[in-house]
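Structural description and commentary
Residues per chain, in single letters:
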Amino acid sequence: MTGIIDVSQLVKTYGDGTKAVKGISFSVPEGEFFGFLGPNGAGKSTTIKILTTLLRKTSGSASVAGLDVESDAAKIRKIIGVQNQDTTVDEDLTGRENMLLQGELQQMHGQALRDRVDELLKVVDLVDAADKRAGFYSGGMKKRLDLATTLVHNPKILFLDEPTTGLDPQSRASIWAYLKQLNEQGITIFITTQYLEEVDRLCRRLAIVDLGEIVAQGTPSELKQEIGADSISLGLESSTMNTGGTREKAKQVLETKFDQISDIVNSDIGLTVYAKNGSFLVPEIVRAFDEAGIKLSSITVSSPTLDDVFLKHTGKRIRVEEVTSANYRSMFSRRRR
Amino acid sequence: MAFLSDSYNLFVRWMKKVVRNPILIFFSLFQPVIFLVLFTQLFSKFGALLGPGVNYTVFATAGIVLQNAFSSAFQSGTAVVDDIKSGFLTKMLATPVNRSAILFGRILSDIFRVVVQTIIILVLAYALGVFPETGVLGYLIVIFTVAAFGLSWSGISLALGLKTKSAETVFGIAGFLTFPLLFMSTALVSTSAMPNWMQTVSNYNPISFAVNAIRNAITGCPVGHLASNCTTGFDWSTILQAYGVIALIGVLTLGATLYLFRKIVS
Ligand SMILES: Nc1ncnc2c1ncn2[C@@H]1O[C@H](COP(=O)(O)OP(=O)(O)OP(=O)(O)O)[C@@H](O)[C@H]1O
Ligand SMILES: [Mg+2]
C-alpha cells in the first residue's frame, strides 16, 4: 500500500466494550478528495481520531504520509490539519488570536504567521470580525474560524469531521469551493459530511461505513452505476400507508408482478423501487396499482444518486438536519459561554 | 525551545482569558482585598485576646496572603476541566504542541496571578501599617513562599480536575477543605487560642507551616511569639520546614497531575 493514508484491519473497541470500528481497510492516494460517509454512530469520528493521533487504536495498522499513527504521532501532527466534529474555538480570544495561537503551536512565528492569518481571514470571510471575540460569533462564523485555524500551517492533509454541518447554504458553498481549491493545490482532503450532493460533485472517491465496517467504496459514478437501476419513488396516500397496510399491499403487488425490479425499500413518502429502465415501468405500475385499488399520490423516476447508494448499503437515508427558521435562529444567535 | 515558546503562548492565552472576564478579575483582585479589610477590621480587638500588645492586622496579614493563595490554587483544576469539556484540549493535542507546556502554561499563569494578588495585599497591608521587619528580603521571601505554595496546591486541583473531569467536584472539594484547613491552622489565630486537640491538628496542618514562615518574614519574630516586631529576624528553621512541606505536597500533587495528564494525552 502506498497511499498517503493507509488503513489496514483497523479495530477500535472503546473501554466500555463498544466496538466502534471493526477491522476496516482502505487507502487514500495523495491528492485525493476522499469522502468518508456513514450513518450516525458508524465509526467515522472514531476513525478520524485514530488517524489524527488523538485516539489509540485497539489493533490493526494505520499510517499517514507513511508515518505510523502511534510511533510517529509527533511527525504526523506537523503535516495535518484537523477539524473536529464539535466546533472548538477559544471564545475569550478574538478570531485572529485563535488563529495566531494555533500557528504558534505549529511553530510558526512572526511576520510570516501574521501574513498567513490575514490571508486566511479573507478566505473564510472573517476580516471584519477578526478582532472581535469568538464568543460573539454566530455558529457559522465559529465553524469557519475553526476551519481556518486548521489551515494556518499549510497542512498537507486535511481531516475534516463535518465541517459544514449547521452552516447556511451560502457559507457551505463557499467552504466547499475553497476546499476544492485547496485540493487542486495538491492537499489531500479526508472529509465526513452529510451533504451527499457536494460529495457527488467534489469527492473523487468515497467510502461508506456502517456499524464499524466499510460497506462500499469507489468513485461516486462507480457506486451509482453499481446500483444499475433507476429509482422510482412512489408516493402512497399517507392516511392508509402504515396503518391500513397499503405499503405492504403495494409491495406485494410489485413483487409478484414485476420481476425486473431489483430492490424495494421503504421511504418517507411510500416506497422506492429500483429497476433498470425505470421510465418504461411507470405506466405498468400505475395500471397494476389501479387494479389492486392502491392510490398513488405521486410517482417520480430518477437516475441513481448517492442518496440511493447510501440507502442501498446502509438501509438508512442520511440524516440532514433541516435548518428550519427556528433552530436556524438559535444556532446562529449570539451566545456567550 | 518548543516547550518554552508553547508554555509562553499558552500562558498568554490564560492571562487574556482572565483579563477579559470582568467577574474573574473582580474575584481575583478584590476578594483578597475584601478579606484583608474585613478580617482585620472585624477582629481588630482580637489581638488583645492573643496576647498583650499583639497587633491583629499584622498577625492576620500572613493568614490572608495564604488564604488567598489557597483559593486561587483551586481555580487551576476547573480551568483545565473547561478545556477538556470544550474540546479545546483535543484541538491542541492535534498539533505538535509540547504536551508538558499545556500544563506548564496554566501553572505559570496561576503563579503569576497569585503573585500579583499577593503584591496587592501587601501594598494594602502596608497602608494599614504592616511591613516586614525583615525588610525587602522579607517581601521577597513572602512572595516566593506564596508562589511555591500556590504551585504545589494548584497540583491538588489539577489532579482532581483531571481525575473527575468535573468543575463542580473541584469546587465542592475546595469549599469543603477551605474552612477546616484554614481555621485549624495558624492563619487567623495562634495555637495558644485553640483547644488542645485543635492545636495538634494545627501543628500538622500544612497551611500552618507556610503561614508560620510568611509570618516570620513579616514580624521578624519566631513562631509562637506573637508580637508584631522582633529583632530576631529570619527564623530559618521555620522557613526551611515550610519549604519542606511545600515540596512534599508539590511532588505528590504535581506527580499525580503529570501521571493523570499523560493518561489523557496518550
Ligand atoms: N468515548 C467513547 N466511549 C464509548 N463509546 C464511544 C465513544 N465515542 C464513540 N463511541 C461509540 O462508538 C460508535 C461510533 O462513534 P463515532 O463517533 O465514531 O460515530 P460517527 O460515525 O462519527 O457518528 P456521527 O455521524 O453521529 O458523528 C458509536 O456507537 C458511539 O456511541
Ligand atoms: Mg462523528
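Remember, it's a predicted structure, so these values are computed and weren't measured experimentally.

**Details of the overall build of chain A**
- Helix and strand counts for chain A come out as 13 helices and 14 strands.
- In terms of its C-alpha atoms, chain A occupies a principal-axis envelope of roughly 80 × 45 × 40 Å.
- Within chain A, the fraction of its 337 residues that count as buried is 54%.
- The long-range fraction of contacts in chain A, counting pairs at least 24 apart against all pairs at least 6 apart in sequence, stands at 68%.

**Looking at the overall build of chain B**
- A count of helical and extended segments in chain B gives 12 helices and zero strands.
- Secondary structure elements of chain B occur, N-terminal to C-terminal, as α-α-α-α-α-α-α-α-α-α-α-α.
- Scaling as 2.2 N^0.38, a compact globule of 266 residues should have a C-alpha radius of gyration of about 18 Å, and chain B matches this with 19 Å.
- C-alpha atoms of chain B, sized along the principal axes, occupy 65 × 35 × 30 Å.
- Taken across its 266 residues, chain B has 55% of its residues classed as buried.
- Contacts in chain B between residues at least 24 apart in sequence constitute 77% of all its contacts with a sequence separation of at least 6.
- In the form shown here, chain B has an accessible surface area of approximately 11600 Å², with 74% of it arising from carbon and sulfur atoms.
- For chain B, the centre of its 15 positive side-chain charges and the centre of its 7 negative side-chain charges are spaced 8 Å apart.

**So, helix 3 (residues 95-105) of chain A**
- Summarising burial for helix 3 of chain A: nine of the 11 residues are buried, a large majority.
- Of the residues making up helix 3 of chain A, those classed as buried are Gly95(A), Glu97(A), Asn98(A), Met99(A), Leu101(A), Gln102(A), Gly103(A), Glu104(A) and Leu105(A).
- Check the buried side of helix 3 of chain A and you find it contacts helix 4 (110-123) and helix 5 (139-151) of chain A together with helix 1 (2-19) and helix 6 (88-93) of chain B.
- Trailing helix 3 of chain A by a residue or two, Gln107(A) shows a phi angle of about 65 degrees, which is positive.

**Thoughts on the site of ligand 1**
Residue and element names in this part refer to chain A.
- Lining the immediate surroundings of ligand 1 are 15 residues, of which Gly41, Lys44, Ser45, Thr46 and Gln85 lie closest.
- At 3.1 Å, a side-chain N or O of Asn40 approaches an oxygen atom of ligand 1.
- Note that an oxygen atom of ligand 1 is positioned 2.9 Å from one of the backbone N or O atoms of Gly43.
- Computed on the free molecule, ligand 1 has an accessible area of 630 Å², of which 65% lies beneath the protein chains in the complex.
- If you tally residues by element for the shell around ligand 1, the top one is helix 1 (residues 44-51), at three residues.
- Partitioned by chemical class, the residues of the shell around ligand 1 number four nonpolar, seven polar and four charged.

**Quick notes on the interface of chain A and chain B**
- On the chain B side, the residues contacting the 27 residues of chain A number 24 residues.
- The largest per-residue losses of area from chain A upon contact with chain B belong to Arg77(A), Thr88(A) and Leu105(A), which jointly make up 25% of the total buried on that side.
- In this structure, the connection of chain A to chain B is made through six salt bridges.
- The salt bridge involving Arg20(B) is made with Glu97(A); its shortest N-O contact spans 2.7 Å.
- In this structure, the connection of chain A to chain B is made through 13 residue pairs in polar contact (both at pLDDT 80 or more).
- Broken down by element, the side of chain A that touches chain B gets its largest block of residues, six residues, from helix 3 of chain A.
- Looking at the side of chain A that touches chain B residue by residue, the classes come out as six nonpolar, 10 polar and 11 charged.

**Some remarks on the packing of aromatic side chains**
- Overall, the coordinates contain 21 aromatic pairs over all chains when judged by the stated rule.
- The interplanar angle of 55 degrees and the centroid separation of 5.4 Å between the aromatic rings of Phe70(B) and Phe74(B) together place this pair among those described as tilted.
- Of the residues examined, Phe70(B) reaches a relative accessible area of 1% and is grouped as buried.
- Residue class for Phe74(B) comes out buried when judged on its relative accessible area of 4%.
- Here the aromatic residues Phe26(A), Phe34(A), Phe36(A), Phe159(A) and Phe190(A) are joined through ring pairs into a cluster of three or more.
- Its end group placed over the ring of Tyr195(A), Arg172(A) keeps NZ or CZ at 3.9 Å from the ring centre.
- Looking at Arg215(B), its charged tip hangs above the ring of Phe59(B), at a distance of 3.6 Å from the centre.

**Looking at a nonpolar patch on the surface**
- Together, Ile23(B), Phe26(B), Phe27(B), Phe30(B), Ile34(B) and Leu38(B) make up a nonpolar patch on the protein surface, roughly 620 Å² of accessible area in all.
- Examined against the element boundaries, Phe27(B) turns out to sit in helix 2 (residues 22-42).

**A short note on the packing of helix 4 (residues 56-73) of chain B against helix 7 (residues 99-127) of chain B**
Residues and elements named next belong to chain B.
- Direction vectors running N to C along helix 4 and helix 7 enclose 155 degrees, while the axes themselves pass 10 Å from each other. In terms of orientation, helix 4 lies roughly antiparallel with respect to helix 7. As helix 4 packs across helix 7, the resulting crossing turns out to be right-handed. Residues Thr61, Ile64, Val65, Asn68, Ala69 and Ser72 of helix 4 touch helix 7, and the partners they reach there are Arg113, Val114, Gln117, Thr118, Ile121, Leu122 and Ala125.

**Observations concerning the coordination of the magnesium ion (ligand 2)**
All names here are of chain A.
- Within the first shell, the magnesium ion (ligand 2) binds the protein through Ser45 (OG) and Gln85 (OE1), at distances of 1.9 to 2.1 Å. With Ser45 in helix 1 and Gln85 in the loop between strand 6 (80-83) and helix 3, this pair connects stretches of sequence that are 40 residues apart.
- Here Gln85 falls in the partly exposed class, since its relative accessible area comes to 33%.

**Regarding the confidence of the model for chain A**
Residue and element names in this part refer to chain A.
- This prediction gives chain A a mean pLDDT of 87; 92% of its residues lie at or above 70.
- Considering each helix and strand of chain A separately, the mean pLDDT is smallest for helix 13 (residues 325-332), with a value of 38, and largest for helix 3, with 97.
- Every residue in residues 321-337 scores below 50 in pLDDT, and together they form 28 contacts with partners more than four places removed in sequence or on other chains.

**Examining a positive patch on the surface**
- A contiguous patch of positive charge, built from Lys85(B), Lys163(B), Lys165(B) and Lys263(B), is present on the exposed surface.
- Its place among the elements puts Lys165(B) in the loop between helix 8 (135-164) and helix 9 (167-183).

**Things to note about unusual backbone geometry**
- Despite not being glycine, Gln107(A) has its phi angle at roughly 65 degrees, a positive value.
- With respect to the element layout, Gln107(A) can be found in the loop between helix 3 and helix 4.

About the criteria used
- Residues numbered from 1 in each chain as written.
- Chains lettered and ligands numbered in written order.
- Predicted model: local features only at pLDDT ≥ 70, side-chain atom pairs only at ≥ 80, totals over all residues.
- Heavy atoms only, no water.
- Helix = DSSP H or I, 4+ residues; strand = E, 2+ residues; numbered from the N terminus.
- Buried < 20%, exposed > 50% of the residue type's maximum accessible area, 1.4 Å probe, protein only.
- Contact = heavy atoms within 4.5 Å.
- Rg over C-alpha atoms; globule rule 2.2 N^0.38 Å.
- Areas by Shrake-Rupley, 256 points an atom, 1.4 Å probe, with all protein chains shown as cover.
- Lys, Arg positive; Asp, Glu negative; His and termini not counted.
- Charge placed at Lys NZ, Arg CZ, Asp CG, Glu CD.
- Near = heavy atom within 4 Å.
- Polar contact = N/O pair within 3.5 Å; in protein donor to acceptor, adjacent residues only side chain to side chain.
- Nonpolar A, V, L, I, M, F, W, Y, C, P; charged D, E, K, R; others polar.
- Buried area = accessible area lost by both parts, 1.4 Å probe.
- Salt bridge = Lys/Arg side-chain N within 4 Å of Asp/Glu carboxyl O.
- Phe/Tyr/Trp six-rings, centres within 6.5 Å; stacked < 30°, edge-to-face > 60°.
- Lys NZ or Arg CZ within 6 Å of the ring centre and 35° of its normal.
- Patch = residues over 30% accessible without salt bridge, like charges linked within 9 Å, V, L, I, M, F, W, Y side chains within 5 Å.
- Axes fitted to C-alpha atoms, helices over the stretch in contact; angles between N-to-C directions.
- Parallel < 35°, antiparallel > 145°, perpendicular 65-115°, else oblique.
- Left-handed = near helix turned anticlockwise from the far one by under 90°.
- Donors = N, O, S within 2.8 Å, 3.2 Å for Na, K, Ca; no water.
- pLDDT = per-residue confidence, 0-100.

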